[in-house]
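If you want the building blocks of each chain, they are given just below.
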Amino acid sequence: MAEEMNIGQLDENLILKILSLVPIKTVVSTSVLSKEWQSRWKSVPNLKFNSEDYQSEHQTFSETVYKSLLSYEPEVLDSFHLSFGSDKADAVDVVHWIKTAFALHLRTLVLKFLIYPYEVDEFIFTSSLCTCDTLVTLKLGSLILVDIPAPGSMKSLKTLHLIHAFYTNDESICNLLSGCPRLEELVVERSCEHSVKFFTIKVPSLQILRIYDDNDEDEFVGYVIDTPSLKYLEIGYLECPQFSLNAPGLVAAYIGRVSNVISESLVSVRRLILNVSTSMTIYPPTGCIFYQLVYLQIYTHEPGWYDLLTWMLEHSPKLQVLKLVGKYWINPDYHVLGWEWNKPKSVPECLLSHLQTFVWRRYDWKGEKEEEVATYLLKNARGLKNATFSTGPIEPGQLDKLKQRCRTRKKLDGVLKASNTCHLVFKFE
């Protein structure tokens, strides 16, 4: 029989990590376990409070937060997570809690303003809260209004998440970012907002940028991004008239469901994932070539994806890996009428000398256009070493589907391939 271990026998650091994962009310309650546990809760490095889940007959939510911060003993507070609503936390108190946490050399601050039915309140994040030189991570959540009339000072901040926050004007965004000289990662998620015309991101140190923006308000014009050190860009759900990007050192990018996507600023990337509506795609000038691109992934959800594929093959001479990803679910009655693939006028350079790996996930075995594209690639990729086609499993009783896949597999297997060393693989996911 295995010997049982008491939690008190564990390493002190491990105990504190475990306590960091449970609600603060439970952590404080451990003080009654023994004399050794009376003050242990005061050393938990991560303080997390949620007014929505808080219930107590002895203390208000505000009193619990105050007590926890004032009782904290170590010199450094690793993280302070606060989810609050105006019914249990006054804005003045929240500001005081944050400043108290700053005095404890706070490293991570997460704020989320909870929305209740019929409430129109908001919490204002002002310049006075942009003054912590020890803060490394800042995450601002829903209905937090960023109002920063002058640049702050967060000299150590490396990660900033703005998740459905609001802004008083364009200047507040600029002032927030200009006070973060070491910022490396920025995440922006936005929805309906009337006060911003241009969302300007000018951060010389930024390396990772993620934008998810479904704001379609007429007042919003677009993004101006000036990030010379940017290495990774991820953009999704973006529809705006203007999009300016200066990122000469960009290495990898994911572009999903946006307009004006294939920008000249993307030509330096080595890895590119495109999940876009081809009807919204605006291609750059003729001389725009992806000389560094070695990995390309295209999602084949929308009619017309094949035109995007043709364009990318013609403009990516060093491409080594091509991956196509089909739909999660294929309607057996779905057919694209009037479909015609405009093949490259001449065999692209990447197929003649560089493409080594071709992968097609969720391949539609019944699709004529899919078969035509696959056949073209196999016939023309001279250096191809591996070609993999995968699809979902066949359920019992789906004999017709099995026969169709066998016929298509036989066709592809019988294609006269340009590469004598190509290894063809068919598999179920």
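Residues numbered from 1 in each chain as written. Predicted model: local features only at pLDDT ≥ 70, side-chain atom pairs only at ≥ 80, totals over all residues. Heavy atoms only, no water.

Going by what an unreviewed UniProt entry lists, the protein is known as FBD domain-containing protein and is assigned to Brassica campestris.

Our next topic: the overall build of the protein. The number of helices and strands found in the protein is 9 helices and 21 strands. Every one of the 429 residues in the protein was classed for burial, and the buried ones make up 47%. Across the protein, the fraction of contacts at a sequence separation of at least 24, relative to all contacts at a separation of at least 6, is 58%. When the accessible surface of the protein is totalled, it reaches about 21800 Å², and 52% of it is carbon and sulfur. (Helix = DSSP H or I, 4+ residues; strand = E, 2+ residues; numbered from the N terminus. Buried < 20%, exposed > 50% of the residue type's maximum accessible area, 1.4 Å probe, protein only. Contact = heavy atoms within 4.5 Å. Areas by Shrake-Rupley, 256 points an atom, 1.4 Å probe, with all protein chains shown as cover.)

It is worth spelling out helix α8 (residues 368-380) at this point. Along its 13 residues, α8 runs 19 Å from first to last C-alpha, staying within 8% of the 18 Å computed at 1.5 Å per residue. Buried residues of α8: K369, E370, V373, A374, T375, Y376, L377, L378 and N380, and no others. (Expected span 1.5 Å × (residues − 1).)

Moving on, we get to the packing of aromatic side chains. Per the stated rule, a full pass over the model turns up 18 aromatic pairs. Measuring from centroid to centroid gives 5.5 Å for Y167 and F199, while their planes differ by 90 degrees, and the two rings are edge-to-face. Of the two residues, Y167 is situated in strand β8 (residues 166-167) and F199 in strand β10 (residues 198-202); the sequence distance between them amounts to 32 residues. The pair formed by Y167 and F199 is uniform in burial state, with each residue classed as buried. Pairing W305 with W360 gives two aromatic rings, centres 5.9 Å apart and planes at 85 degrees, and the pair type is edge-to-face. Taken together, the positions of W305 in helix α6 (residues 305-314) and W360 in strand β19 (residues 357-361) put the pair 55 residues apart, joining distant regions of the chain. Over the ring of F220 we find R190, and its NZ or CZ is 4.5 Å from the ring centre. The lysine or arginine in question, R271, covers the ring of Y295, its NZ or CZ lying 3.9 Å from the ring centre. (Phe/Tyr/Trp six-rings, centres within 6.5 Å; stacked < 30°, edge-to-face > 60°. Lys NZ or Arg CZ within 6 Å of the ring centre and 35° of its normal.)

This paragraph deals with the pattern of salt bridges. Close approach of charged atoms allows side chains with opposite charge to pair. Inspection of every chain in the model, using the stated rule, returns 6 salt bridges. The residue R210 makes a salt bridge to E234 at a minimum N-O spacing of 3.3 Å. In this pair, R210 sits in strand β11 (residues 208-213) while E234 sits in strand β13 (residues 232-238), placing the two residues 24 residues apart along the sequence. When the shortest N-O distance is used, the salt bridge between K343 and E372 registers 2.6 Å. Of this pair, K343 sits in the loop between β18 (321-325) and α7 (349-353) while E372 is found in helix α8, placing the two residues 29 residues apart along the sequence. Relative accessible area serves as the criterion here: at 39%, K343 is assigned to the partly exposed category. (Salt bridge = Lys/Arg side-chain N within 4 Å of Asp/Glu carboxyl O.)

Let us now look at the sheet that holds strand β14 (residues 242-246). If you walk across this open sheet you meet the 3 strands as β10-β12-β14, and the pairing is parallel. Whereas interior strands pair on both sides, the edge strands pair on one side only; in this sheet they are β10 and β14. Adjacent strand axes in the sheet meet at a mean angle of 10 degrees when their direction is disregarded. Note: strand β12 (residues 222-226) against β14, 5 bridges, orientation parallel. When the sheet's bridge partners are listed, I225 is paired in β14 with L245. (Pairing = 2+ DSSP bridges. Axes fitted to C-alpha atoms, helices over the stretch in contact; angles between N-to-C directions.)

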